[in-house]
Amino acid sequence: MVSRSCVAVLLAGGLAACSVKPDSGRPAGPDDAAQRSRQEPLTPATPTPPTPTAGTLPAGAADASPHPYAGMWVTADGHIRQELRADGRYDEARGERENAYTGSYRISGTRIEYADDTGFSADGMFDADVLHHAGYVFYREGSDTHRRARDEQ
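Residues numbered from 1 in each chain as written. Predicted model: local features only at pLDDT ≥ 70, side-chain atom pairs only at ≥ 80, totals over all residues. Heavy atoms only, no water.

Let us look at the packing of aromatic side chains. Here the structure, examined in full by the defined rule, presents six aromatic pairs. An angle of 55° between the planes, with centres 6.5 Å apart, marks the rings of Tyr-69 and Trp-73 as tilted. A relative accessible area of 14% means that Tyr-69 is categorised as buried. For Trp-73, a relative accessible area of 0% puts it in the buried group. Among the aromatic residues, those joined into a cluster by ring pairs are Tyr-69, Trp-73 and Phe-126. (Phe/Tyr/Trp six-rings, centres within 6.5 Å; stacked < 30°, edge-to-face > 60°. Buried < 20%, exposed > 50% of the residue type's maximum accessible area, 1.4 Å probe, protein only.)

Moving on to the nonpolar core. Of all hydrophobic cores here, the largest spans 13 residues; its most connected members are Trp-73, Leu-84, Tyr-105, Ile-112, Tyr-114, Phe-126 and Leu-131. At the level of elements, β5 (80–84), β7 (97–108) and β8 (111–116) are the ones that each hand at least two residues to this core. (Core = buried A, V, L, I, M, F, W, Y, C linked by side-chain atoms within 4.5 Å. Helix = DSSP H or I, 4+ residues; strand = E, 2+ residues; numbered from the N terminus.)

Generally, phi is negative for residues other than glycine and the peptide bonds are trans, each holding for most cases. Here the phi dihedral of Asn-99 falls at roughly 55°; this positive angle occurs in a residue that is not glycine. Relative to the elements of secondary structure, Asn-99 occurs in strand β7. For Asn-99, a relative accessible area of 47% puts it in the partly exposed group. One non-glycine residue, Ala-128, adopts positive backbone phi at about 60°. Locating Ala-128 in the fold gives a position in the loop between β9 (121–127) and β10 (130–133). Given a relative accessible area of 53%, Ala-128 falls into the exposed group.

Just geometry here; none of it tells us what the structure is for.
Listed below in structure tokens is the structure:
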């Protein structure tokens, strides 16, 4: 006979854990729970979804606020335009060539990681309305920083 007893353990991310042990014929006590936690790996009972970041939006979050960095990012001369969509996809145009590069991205803090549909990957860093990526400097389209950079050319 097997009984299920839950151990009140709070893991990173707010996960609770339970373990299964053969029934010894007596009720489980606090010492039993401590012993099981040392002997058996804890298994999440119900995973808590991660905090939404671009590229990891939970199902049904279409009407959720987009990530703060989602939107159009352009070089000062406007030759390269990179749209970071709220669904975690990006689309980069170069000059007259639309969809020159497409793929997915993920943002963690101020770091962005790209996974292009052709298989290569790249990264970049945000600094307010500036994105440094692959040796280029992109500006949030329409921002004061973008206007100043465009006027300096």
